[in-house]
Amino acid sequence: MDSQPKLKLVEKGPCSLDNYNNDYFFQHGRIKVKTTAEQQEAKRIEREKKLKIYQGATKTAFEKRKNREYDHEALEVTGNILAANPDFYTLWNFRREILTHIKSNWEEENVFKTFDGELYFLEQCLKVNPKSYGSWQHRCWTMENHTKPDWTRELKLCNKFLEYDERNFHCWDYRRFVVQMSSVPLKEEFAFTTEKISTNFSNFSSWHYRSKLLQILHPDKSSSVGVAENVMLDEFELVQNAFFTDPNDQSAWFYHRWLLGKSDGQLSLQCIQASRDLQRVLISFDQQVKIGFDGLVVDLSINGSPVNVEWLSAKDNYSYIWFASVPSDLMNDSNSAIEITVKSEKVHQVQRLNLAAEQKSALWQKELTSMNIFTRDLGAATTETLNQELAACQQLHELEQDNKWTLLTIVWLMQALNPLVHHEDVLNYIAMLTEVDPMRKQFYVDMRSKYVMELTIQKCHPSVLEIDFSNKQLTSTHHLELLVSMVTINLSNNQLTSIPSCTLLQSVTDLNIDNNLLSSCDFIANLPALEHLSLKNNEISSVDDLLALKSCSRLRSLDLQGNPLARNARSRAEIGLLLSGVEIQL
Amino acid sequence: MLAVNISFRSQGTPIKDASIPENAPTDLFLDKHRDFIAAYGAKKDDYEYVLTEYLRLNGVYWGLTVMDLMGALDRMNKDEVLEFVRQCQQPCGGFSASIGHDPHLLSTLSAVQVLCLYDALDVVRVDGVVEFVKSLQQDDGSFYGDKWGEVDTRFSFCAVACLALLDRLNAINVDKAVDFVMQCMNFDGGFGCRPGSETHSGQIYCCVGMLSIVGQLHRINADTLGWWLCERQLPSGGLNGRPEKLPDVCYSWWVLSSLKIIGRLHWINKDKLIKFILATQDDETGGFADRPGDMVDPFHTLFGIAGLSLMGQANIKPVNPVFCMPEDVIRRIGVKPQLL
């Protein structure tokens with residue numbers, strides 16, 4: 001049995017390693033200093049000396065490990081290296097092997113002292129390198145394996161380290177570990193965040209912790225934020241205090257945005273299409289789903305008899321759109337009463353569609369005019385709360401005209417309250433945002449595009465399968481999952497560079513994207529109904545950029561006038577080869 | 001309820017930021033960067049080199065990837081590298097950061113990435129790698145970094161990325177792995193190390209990248225997350241990793257690649273970020289630093305170059321935003337991570 005260890009932890013002296021931990025590698029923020037040749041030479045000699053010690057120590061440590069020498073000296077030699085270089089993870093592993101050995105072979109008193117010594121050593125390491133993953137992880141391990149862990153002391157250590165740096169996420173994580181292991185009442189932790197926030201509102205880490213604690217302390221499953229309504233009101237008051245104190249502090253605004261919440265909305269069918277031609281049923285949802293997963297089952301029956309079909313999506317993964325091929329004898333020339341049943345833990349929806357004898361295809365779709373699809377973004381808060389918050393933000397806006405956070409929050413609140421009524425104001429505020437925060441202009445104009453498209457969709461007549469988004473300064477497209485059944489779509493005269501979810505437009509026959517900024521058609525793929533595509537005055541410069549159009553099998557006409565590729569004399573012949581049978585305008 | 005007097009301050013908290021010196025570089029010195037990386041591995045007795053042995057294999061990946069992106073992979077010693085990687089594979093199948101060190105998921109992903117760059121997976125025992133990764137998955141779907149039990153979403157990314165590159169994703173329980181990552185999502189739309197941990201751009205990259213590989217980006221609230229990410233850009237043009245922190249070139253990778261994956265790269269100001277990244281070059285030695293005027297290293301050099309690549313810089317190969325490897329390599333392997 002080993003003798004009782006008395007650890008000499010870190011040697012302080014001219015040749016010890018821990019004096020140099022400020023320049024170990026990849027530590028951020030090392031300023032490059034110009035030095036003379038003489039200084040460089042002196043540094044070189046010093047480093048050479050230091051290197052020898054380091055390499056010698058490493059060699060000793062590895063040899064001891066190989067020989068399973070789990071003794072006092074092994075702790076000392078690894079300790080010297082780790083004090084300087086706490087990311088040398090293999091040596092922490094060796095120390096854990098040593099400590100495990102000690103725990104099962106030494107007397108209890110000595111085990112206790114050794115583990116306490118380890119905690120003391122770690123504290124010294126953390127003081128020098130408070131952001132070392134390895135040191136914090138080893139502290140967790142040491143506490144988990146300690147014979148008499150003193151968790152109260154650990155919580156105090158967290159307090160101390162959070163005083164040095166209130167944003168050290170390693171320490172916050174260690175704190176959560178301590179709280180969990182020692183069952184610290186979460187109410188006390190909540191009070192701790194209140195105290196931290198009251199000394200400095202600009203403490204994102206505390207706001208974050210608060211968001212987590214609230215969901216555990218005051219859970220409410222009916223609210224999308226997951227927190228009880230009465231508690232939320234207190235939080236609104238606190239966060240208002242924060243942003244009235246410092247309107248430029250982003251922490252409070254991010255927290256405020258969270259309080260306003262986003263409701264998930266219940267899964268719902270968006271449309272059903274039955275096609276006799278294609279012998280196919282298509283269904284679309286308002287969310288991406290994977291049929292057969294997450295407890296989601298979709299049943300199809302025709303004329304009262306269940307039909308066993310396989311539901312497929314484009315990428316065999318989560319998707320808005322799903323198809324099923326129907327055996328030809330089930331959708332023949334007679335009347336077909338189609339019924340779709342969607343079942344999951346939370347949903348049971350039955351939807352019927354009649355494909356009459358003379359019809360080639362039939363469509364059912366959910367009305368787009370109902371406003372609630374688009375006001376979900378801030379679904380957690382009540383109208384009363386939203387109005388109160390809007391009044392407060394408008395008051396702050398009067399005082400701080402150029403404050404972007406206030407402007408943005410006003411936009412969100414108005415949009416959640418009534419997008420139709422506030423539409424002009426919203427657009428004005430967004431224009432102001434692009435002025436006061438030009439760096440994020442694209443974020444704001446994309447948001448504008450979203451609201452403009454939402455309004456257009458809401459105003460669209462439910463029985464008309466045509467929608468016009470032209471001349472709306474759109475920079476991006478949104479909610480294409482709601483346009484699955486649209487036959488004619490006009491997106492001309494906007495500023496679009498791409499249409500990422502274009503394949504959702506499964507019914508479109510006429511698509512007009514004239515006068516935009518498209519440099520490629522990569523996204524116009526697998527549109528089975530597309531017949532006429534107009535891309536006049538875009539930035540398409542190469543025939544290769546049209547390759548994806550080959551997957552649109554019904555394409556009959558393509559207008560490319562005013563694109564850079566029109567200037568190339570060979571383009572017409574090349575496009576003809578690529579898309580044979582399509583009428584090309586160049 | 002806390003009592004706080006409402007008071008108005010004409011000037012709020014000053015923004016923490018770096019400044020770009022007037023004489024900072026504005027051109028890209030590719031030749032110097034190639035020389036910097038090529039020379040780096042040659043200084044084997046250098047103090048810094050020895051002290052960073054615990055991440056040697058990661059360093060090899062950084063160096064080779066940035067050289068490949070700069071079209072100079074042939075300047076590296078392929079045989080020496082492959083022999084080193086081979087020797088780092090341990091009996092358990094995982095790779096250690098260097099010879100004599102312990103196996104870990106972080107170095108295992110680097111090893112697989114290096115082998116993919118050289119199209120040389122046959123040099124190692126692939127089944128062993130798969131077994132190692134598989135052995136680290138826990139019942140809740142999370143991954144240990146090694147047998148000692150540290151859990152972190154970084155390891156979820158490493159595991160999934162590693163297996164995707166080996167075309168062996170079916171070896172683990174992907175659904176559970178996704179469930180665990182989703183438990184780490186926060187009020188701001190971002191992700192932390194573990195359930196309950198604060199959002200950090202590096203962890204966002206790992207979690208978003210992981211969800212991209214398994215095709216489940218629909219679980220992310222891309223608008224909320226994109227807003228938080230684009231707010232990382234500071235007046236200097238540089239990006240920070242969390243609110244109220246200093247900008248750093250490595251975040252031009254973690255933030256930018258995350259934005260690219262969720263289809264919102266254009267929400268930051270590219271010109272200003274390019275200016276910031278270029279200003280962190282050392283025009284004497286080559287290489288990039290975290291901030292203008294600081295010491296350069298291979299880590300920041302890779303992420304500086306990769307960031308420029310994502311923003312379409314000429315003379316640099318396109319980089320894949322999920323794997324941080326050249327697109328042509330990812331195409332050759334046939335992996336197709338999801339992008340919004």
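Residues numbered from 1 in each chain as written. Chains lettered and ligands numbered in written order. Predicted model: local features only at pLDDT ≥ 70, side-chain atom pairs only at ≥ 80, totals over all residues. Heavy atoms only, no water.

### Quick look at the overall build of chain B
A tally of regular secondary structure across chain B gives 14 helices and 2 strands. Against the globule reference of 20 Å for 340 residues, chain B gives a C-alpha radius of gyration of 20 Å, in line with a compact fold. Overall size of chain B, expressed as C-alpha extent along the three principal axes, is 65 × 50 × 35 Å. In chain B, buried positions account for 65% of the 340 residues. The contacts in chain B between residues at least 6 apart in sequence include a share of 68% that link residues at least 24 apart. (Helix = DSSP H or I, 4+ residues; strand = E, 2+ residues; numbered from the N terminus. Rg over C-alpha atoms; globule rule 2.2 N^0.38 Å. Buried < 20%, exposed > 50% of the residue type's maximum accessible area, 1.4 Å probe, protein only. Contact = heavy atoms within 4.5 Å.)

### Description of the packing of helix α8 (residues 174–183) of chain B against helix α9 (residues 201–213) of chain B
All names here are of chain B. With their axes 11 Å apart at the nearest point, α8 and α9 run at an angle of 150 degrees to one another. Here α8 is positioned roughly antiparallel relative to α9, judged by the angle of their axes. Of the two possible hands of crossing, α8 and α9 adopt the one that is left-handed. Packed against α8, whose contacting residues are Ala177, Val178, Val181 and Met182, the element α9 presents Cys207, Met210 and Leu211 at the interface. (Axes fitted to C-alpha atoms, helices over the stretch in contact; angles between N-to-C directions. Parallel < 35°, antiparallel > 145°, perpendicular 65-115°, else oblique. Left-handed = near helix turned anticlockwise from the far one by under 90°.)

### Focus: the sheet that holds strand β4 (residues 305–307) of chain A
Across a sheet, strands are paired by hydrogen bonds formed along the backbone, either parallel or antiparallel in direction. Residues and elements named next belong to chain A. With antiparallel pairing, 4 strands are arranged side by side in an open sheet as β4-β3-β6-β7. The open sheet is flanked by β4 and β7 (348–355), the only strands paired with a single partner. Strand-to-strand, the axes of this sheet are offset by a mean angle of 30 degrees, without reference to chain direction. Bridging between strand β6 (residues 336–343) and β7 involves 8 bridges; their strand directions are antiparallel. The partner of alanine 337 across the bridge, within β7, is asparagine 354. (Pairing = 2+ DSSP bridges.)

### Some details on the packing of aromatic side chains
All chains considered together, the criterion is met by 37 aromatic pairs over all chains. Plain terms: the ring middles of tyrosine 205 of chain B and tryptophan 254 of chain B are 5.3 Å apart, the flat faces sit at 55 degrees to each other, and that makes the pair tilted. Residue tyrosine 205 of chain B is located in helix α9, and its partner tryptophan 254 of chain B is located in helix α11 (residues 249–261); the two are separated by 49 residues in the primary sequence. The two residues tyrosine 205 of chain B and tryptophan 254 of chain B agree in class, both being buried. Over the face of the ring belonging to phenylalanine 112 of chain A we find lysine 148 of chain A, whose NZ or CZ atom lies 4.7 Å from the ring centre. (Phe/Tyr/Trp six-rings, centres within 6.5 Å; stacked < 30°, edge-to-face > 60°. Lys NZ or Arg CZ within 6 Å of the ring centre and 35° of its normal.)

### Side note on the sheet that holds strand β9 (residues 466–468) of chain A
Residues and elements named next belong to chain A. Strand order in this open sheet of 6 strands is β9-β10-β11-β12-β13-β14, and the pairing throughout is parallel. Whereas interior strands pair on both sides, the edge strands pair on one side only; in this sheet they are β9 and β14 (583–585). Taken pair by pair, the neighbouring strands of this sheet meet at an average axis angle of 5 degrees, ignoring direction.

### Digging into helix α7 (residues 169–181) of chain A
Residues and elements named next belong to chain A. In this model α7 runs 18 Å from its N-terminal to its C-terminal C-alpha over 13 residues, within 8% of the 18 Å that 1.5 Å per residue would give. Most of α7 is tucked away, with 11 of its 13 residues classed as buried. For α7, every residue scored as buried is listed here: Phe169, His170, Cys171, Trp172, Asp173, Tyr174, Arg175, Arg176, Phe177, Val178 and Val179. On its buried face, α7 is in contact with α5 (133–145), α6 (151–164), α8 (186–199) and α9 (204–217). (Expected span 1.5 Å × (residues − 1).)

### Focus: the packing of helix α3 (residues 89–105) of chain A against α5 of chain A
Residues and elements named next belong to chain A. At a minimum axis distance of 11 Å, the contact between α3 and α5 shows a crossing angle of 10 degrees. The orientation of α3 with respect to α5, classified from their angle, is roughly parallel. Of the residues in α5, those touching α3 at Trp92, Arg95, Arg96, Leu99, Thr100 and Lys103 are Gly134, Ser135, His138, Trp141 and Asn145. Of the residues that constitute the contact of α3 with α5, the class distribution is 3 nonpolar, 5 polar and 3 charged. (Nonpolar A, V, L, I, M, F, W, Y, C, P; charged D, E, K, R; others polar.)

### Structural notes on the interface of chain B and chain A
Counting from both sides, the interface comprises 86 residues of chain B and, opposite them, 80 residues of chain A. Taken together, the two surfaces of chain B and chain A that pack against each other cover about 7500 Å², and 58% of this comes from carbon and sulfur. Looking only at chain B, the three residues that lose the most surface to chain A are Tyr47, Phe187 and Trp227 of chain B, adding up to 13% of its buried area. In this structure, lysine 404 of chain A and glutamate 231 of chain B form a salt bridge, with 2.7 Å as the shortest nitrogen-oxygen distance. Our count for the chain B to chain A interface comes out at 29 residue pairs in polar contact (both at pLDDT 80 or more). Sorting the residues of the side of chain B that touches chain A by element identifies α2 (47–51), α10 (222–230), β2 (296–297) and α13 (298–310) of chain B as the ones contributing at least two each. (Buried area = accessible area lost by both parts, 1.4 Å probe. Salt bridge = Lys/Arg side-chain N within 4 Å of Asp/Glu carboxyl O. Polar contact = N/O pair within 3.5 Å; in protein donor to acceptor, adjacent residues only side chain to side chain.)

### Considerations on the state of the cysteines
All names here are of chain B. Counting across every chain of the model gives 0 disulfides over all chains. Free of any disulfide, cysteine 88 has its nearest neighbouring cysteine sulfur in cysteine 92, separated by 12 Å. Taking relative accessible area as the criterion, cysteine 88 reaches 0% and is therefore assigned buried. For cysteine 92, a relative accessible area of 37% corresponds to the partly exposed category. (Disulfide = S-S within 2.5 Å.)

### A look at the UniProt feature "domain: Prenyltransferase alpha-alpha toroid" (unreviewed entry) in chain B
What UniProt calls "domain: Prenyltransferase alpha-alpha toroid" (unreviewed entry) maps, in this numbering, to residues 29–325 of chain B. Across residues 29–325 of chain B, the secondary structure splits into 49% helix and 1% strand, with the terminal C-alpha atoms separated by 21 Å. (UniProt positions renumbered as here; feature names shortened; annotations may be inferred.)

### A short note on the side chain of histidine 397 of chain A
Structurally, histidine 397 of chain A can be placed in helix α12 (residues 383–399). Apart from the residues within four sequence positions on either side, histidine 397 of chain A is in contact with Thr406, Leu407, Ile410, Tyr429 and Met432 of chain A.

### What to know about the pattern of salt bridges
Throughout the structure, instances matching the rule amount to 39 salt bridges over all chains. One salt bridge in this structure joins lysine 113 of chain A and glutamate 109 of chain A, with 3.9 Å as the shortest N-O distance. With lysine 113 of chain A and glutamate 109 of chain A both in helix α4 (residues 108–128) and 4 residues apart, this pair spans about one turn of that helix. Linking glutamate 198 of chain B and arginine 167 of chain A is a salt bridge whose minimum nitrogen-to-oxygen distance equals 3.0 Å. Placement of the pair is glutamate 198 of chain B in the loop between α8 and α9 and arginine 167 of chain A in the loop between α6 and α7, with the two residues belonging to separate chains. Its relative accessible area of 3% is what places glutamate 198 of chain B among the buried residues. Within this structure, Lys64, Glu69, Asp71 and Glu73 of chain A form a network of salt bridges that share partners.

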